[in-house]
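Each chain, letter by letter, is given below.
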Amino acid sequence: MSLTSDVQKLYVDGLITLYELDATNLGAGVLRFHGHISFADWQRIYATVDSTSITADSTTLHADKLFDVGSEKVWYRNIIFDGQTYEPMALQVDGLEMNATGKASTPTLTMANNINGIQNAVSAYCLKFQDFVGAKLKVIRTFAKYLDSENFTSGNKNADVNESKTQIWYIEQKTSENLQTVAFELSNPIDFQGRQIPVRNITSYCQWAIDGYRGEQCQYTGMKYFTDKNEPTDDPSQDKCRGDFRACKSRYNESNYGGFPASSLMSK
């Protein structure tokens, strides 16, 4: 059964979310982590892999560290996926939804200010590497039954790195910081730092006449020559495209016309 079929079930269990923070452009390298530290969460993860041979009592993962935090048990375990090790970290991520409203979401990532037991480690990274602004955050979702065999002492016959979905976000800014947590605002690749998808102006003149007559977009290679007044000429040096539809039609090249002939009909 594929990942697509799994998420279409009425009840979805064993979902794994992994995070890869790529800050190589800032000199910080790549940090990989996950937020699965609940003992109850791990029991459900084991049950979805193979309930007959893998249980929370009999199976262990690499780097097992079980702690009592108040009345709760916290289990710090690495997760290996696609050969990469993701370390446990207390974190919270909100707003990663995808919608069709046209409005870009602004998710938040809140990380415990602790890496491998080193307090204020995230703050130290922020101080040295510009608060991670511009770093790429890859969010990988899969299911426990597709994790690498190395995770389990009994192996995993269903391991498949292709059964995963990935979202890309960028660190927009650091929004808060204290001794316990550091929070960041995320943005999608299009919205980051005000970047927009390139657009064309709606006008009756051909854009290719400006950017490259007889170029890659225009693709006109014919031997018909016209002046900038759309008058026929035998002199190639006088060959210029006026940029209107008549000029393109005269060259029998209207299929590559880079303007909008009906734009004058649009209401202003």
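Now for a description of the structure that goes with this document.

Quick notes on the rules
Residues numbered from 1 in each chain as written. Predicted model: local features only at pLDDT ≥ 70, side-chain atom pairs only at ≥ 80, totals over all residues. Heavy atoms only, no water. Helix = DSSP H or I, 4+ residues; strand = E, 2+ residues; numbered from the N terminus. Buried < 20%, exposed > 50% of the residue type's maximum accessible area, 1.4 Å probe, protein only. Contact = heavy atoms within 4.5 Å. Areas by Shrake-Rupley, 256 points an atom, 1.4 Å probe, with all protein chains shown as cover. Pairing = 2+ DSSP bridges. Salt bridge = Lys/Arg side-chain N within 4 Å of Asp/Glu carboxyl O. Phe/Tyr/Trp six-rings, centres within 6.5 Å; stacked < 30°, edge-to-face > 60°. Lys NZ or Arg CZ within 6 Å of the ring centre and 35° of its normal. Axes fitted to C-alpha atoms, helices over the stretch in contact; angles between N-to-C directions. 1 Å grid on protein atoms, 1.4 Å probe; cavity = no way out; pocket = protein on both sides within 12 Å on 5 of 7 lines; lining within 4 Å. Points joined across faces, edges and corners; volume = space filled by probe spheres on them.

A separate point is the overall build of the protein. What the protein contains, in helices and strands, is 5 helices and 15 strands. Taken across its 268 residues, the protein has 36% of its residues classed as buried. By sequence separation, contacts in the protein at least 24 residues apart represent 59% of the contacts at least 6 residues apart. Split by element, the accessible area of the protein, about 16,000 Å² in all, is 49% carbon and sulfur.

Okay, the pairing of strand β8 (residues 108-112) next. As paired elements, strand β7 (residues 91-94) and β8 share 4 bridges and run antiparallel to each other. Residue pairing in the sheet places Q92 in a bridge with T110 of β8. Pairing of β8 with strand β13 (residues 181-187), which is carried by 5 bridges, proceeds in the antiparallel orientation. Bridging from a neighbouring strand, T110 pairs with A183 of β13.

Applying the stated criterion across every chain, the model contains 7 salt bridges. Ionic pairing is found between D244 and R242, a salt bridge with its closest N-O pair at 3.3 Å. Note on R242: relative accessible area 40%, which makes it partly exposed. Each of the salt bridges in this network shares a partner with another, and the network as a whole consists of E20, R32 and K138.

With that settled, the discussion passes to the packing of aromatic side chains. Scanning the model with the defined rule gives 6 aromatic pairs in all. Between F132 and F184, the ring centres sit 6.1 Å apart and the planes meet at 65°, which makes this aromatic pair edge-to-face. Placement of the pair is F132 in the loop between α3 (121-128) and β11 (136-143) and F184 in strand β13, with a sequence separation of 52 residues. Residue classification places F132 among the buried positions, given a relative accessible area of 1%. Taking the relative accessible area as the measure of exposure, F184 reaches 1% and is therefore buried. Seen in terms of ring centroids, Y213 and Y220 are 6.2 Å apart; in terms of plane orientation they differ by 15°. Their pairing is stacked. One aromatic cluster is present, built from ring pairs that chain together Y125, F129, F132 and F184. Positioned above the aromatic ring of Y220 is the side chain of R251, whose terminal nitrogen or guanidinium carbon lies 5.9 Å from the ring centre.

What follows concerns the sheet that holds strand β12 (residues 165-177). The strand order across the open sheet formed by 9 strands is β5-β6-β2-β1-β11-β12-β13-β8-β7, and the pairing between neighbours is mixed. If you trace the sheet from one side to the other, it starts and ends with β5 (79-81) and β7, each paired once. For this sheet, the mean angle separating the axes of adjacent strands, direction not counted, is 30°.

Evaluated as defined, the whole model comprises 1 cavity of 30 Å³ or more. In this structure, the largest cavity spans a volume of roughly 100 Å³. Along the wall of the largest cavity there are 14 residues; nearest its centre are Y213, C218, C241, C248 and N253. Listing elements by their share of the lining of the largest cavity, those giving two or more residues are α4 (207-211) and α5 (245-250).

Okay, the environment of Q238 next. Structurally, the position occupied by Q238 is in the loop between β15 (232-233) and α5. Relative accessible area serves as the criterion here: at 40%, Q238 is assigned to the partly exposed category. C-alpha separation for the pair Q238 and T227, spaced 11 residues apart in sequence, amounts to 5.6 Å.

To continue, consider the environment of G27. Along the chain, the position of G27 falls in the loop between β1 (15-22) and β2 (30-34). With relative accessibility at 54%, the residue G27 sits in the exposed group. Between the alpha carbons of G27 and F129 there is a distance of 7.1 Å; along the sequence they are 102 residues apart.

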